[in-house]
Structures are given as C-alpha cells and as structure tokens.
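Notes for the structure review
The lines below spell out each chain.
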Amino acid sequence: MAFTAPGLTAEAANEVTGTLQERLSALNDLHLTLKHIHWNVVGPNFIGVHEMIDPQVELVRGYADTLAERIATLGGSPRGTAKAIEADRSWDDYSVDRDTVLAHLGALDLVYDGIITSHRAAIEKVGKVDPVTEDILIGQTAELEKFQWFVRAHLENQTGDLSNQGAASEEDAAAKSRG
Ligand SMILES: [Fe+2]
C-alpha cells in the first residue's frame, strides 16, 4: 500500500481492507440473490414481496459501494467482479428457484442469519484497529437486521414462533415455511 488513512499503520489498513473485501463480496452476492428472489417468487402475496425486495436491493448495492470506496480510501484495491465473489465466499449459492413467497422468505431468513453474523464478526475485528470502519459496518448491520425482521414477520405466528425454526439448510427452511 502506497498510502492509507492518516493515523492508521499499513498493517492495520491491510487487515481492515481484507475484512472489507470479504464483506464487499458478501453484499454483492446478497443484492444478486435478492434480485433472484424478486424474479422467482410466485403465488399469493407475490406483488407484496416482489416489491418489498427492490428497496433492499438498492440499499445493499449502496452498502457495497460504501465498502468498496472505503477499501480504496484506505489505499487498497476493491474487487467487484463475479470471480471475486466466488473466490471470497465461504457460503453456498442460494439454492431455491421458482417457489412460493413463504418458501423464499423462509430461506432468505437463513441468508440474513449468515450475512448479519459475519457483519457482526467484522465489526468485532475492525473495531480493534479502525473505529471509523467499525462505525460504517454498525450502521449497515442495523438496517440489515431491520430487513430481516421484515422477512421474519411473514414467517411468524401469534406466539412469535418462526415457521422455519430449526431449519438446517435453505431447502429445509423453504420446505418448513412453504406450508
Ligand atoms: Fe423488477
């Protein structure tokens, strides 16, 4: 790195940009997955969920942009290609194609479990060396958690139980929630 933000060591910047690159690929994967769901939901309540997803796509695309620009600000080179997503990810491709609203939302809840858990781990990691990056990730996580509540509200019954409770995979969650 030829430069980084004033007050950060090159070593710290390297560590932070490495964490940010993984989160960038996760967000790029997420906004593509959300569009996939937007295109593949069928059945009753189609239009509500089809339209609920697009504002989240815009938000997540904006978050990816913020993280990519943070990497560049810290002197790194953000990678935004499909190959970068494939290389960085430790999770499987979203596995549900054409299916009902509830099946997709059951599976999407698990996608958000993964992305939010990893965002929180990244907050913990970068918080030790760069509170400015930590602040960015905290703001993003709050909104991701709020959207997960939108998803979960469709899966919840009057006693607060989720239809996909205990699901071990997206397919399992989709099957449990399909009804
Ligand atoms: Fe559309």
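Residues numbered from 1 in each chain as written. Predicted model: local features only at pLDDT ≥ 70, side-chain atom pairs only at ≥ 80, totals over all residues.

**Regarding the UniProt feature "domain: Ferritin/DPS" (unreviewed entry) in the protein**
Convention followed: UniProt positions are given in the numbering used here, feature names are shortened, and annotations may be inferred rather than shown by experiment. Numbering of helices and strands runs from the N terminus, with a helix taken as a DSSP run of H or I at least four residues long and a strand as a DSSP run of E at least two residues long.
Taken from the UniProt record, the annotation "domain: Ferritin/DPS" (unreviewed entry) applies to residues 20-157. Regarding residues 20-157, the helix share stands at 78% and the strand share at 3%, and the terminal C-alpha atoms are separated by 37 Å.

**Focus on unusual backbone geometry**
Peptide bonds are, in most cases, trans, and in most cases residues other than glycine have a negative phi. Of note, the phi angle at Asn 45 is positive, near 70 degrees, even though the residue is not glycine. Among the secondary structure elements, Asn 45 is positioned in the loop between strand E1 (41-42) and helix H2 (46-73).

**Quick look at the environment of Leu 144**
Put simply, the test is: Contact between two residues is assigned whenever their backbone-derived C-beta positions fall within 7 Å.
Position of Leu 144 among the secondary structure elements: in helix H5 (residues 131-155). Expressed as a C-alpha distance, the spacing of Leu 144 and Asp 113, which sit 31 residues apart in the sequence, is 9.9 Å. Those residues in contact with Leu 144 that sit more than four places away from it in its chain are Tyr 112, Ile 115, Ile 116 and His 119.

**Overview of the packing of H2 against H5**
Applied cut-off: In this analysis, axes come from line fits to C-alpha atoms, helices being fitted only over the stretch in contact, and the angle between any two N-to-C directions falls in the range 0 to 180 degrees. Angle categories are assigned with fixed cut-offs, so that under 35 degrees is roughly parallel, over 145 is roughly antiparallel, 65 to 115 is roughly perpendicular, and the rest are oblique. Helix crossings get a hand from a simple test, with the near helix turned counterclockwise from the far one by less than a right angle marking a left-handed crossing and a clockwise turn marking a right-handed one. Basically, the charged four are Asp, Glu, Lys and Arg, the nonpolar ten are Ala, Val, Leu, Ile, Met, Phe, Trp, Tyr, Cys and Pro, and anything else, Gly included, counts as polar.
Relative to each other, H2 and H5 sit at 165 degrees, their axes nearing to 11 Å. Considering the angle they form, H2 stands roughly antiparallel to H5. Considering how the two elements wind past one another, H2 and H5 form a crossing that is left-handed. Facing H2, whose interface residues are Met 52, Gln 56, Leu 59, Tyr 63, Thr 66 and Arg 70, H5 presents Thr 133, Ile 136, Gln 140, Glu 143, Phe 147 and Phe 150. Partitioning the contact of H2 with H5 into residue classes produces 6 nonpolar, 4 polar and 2 charged.

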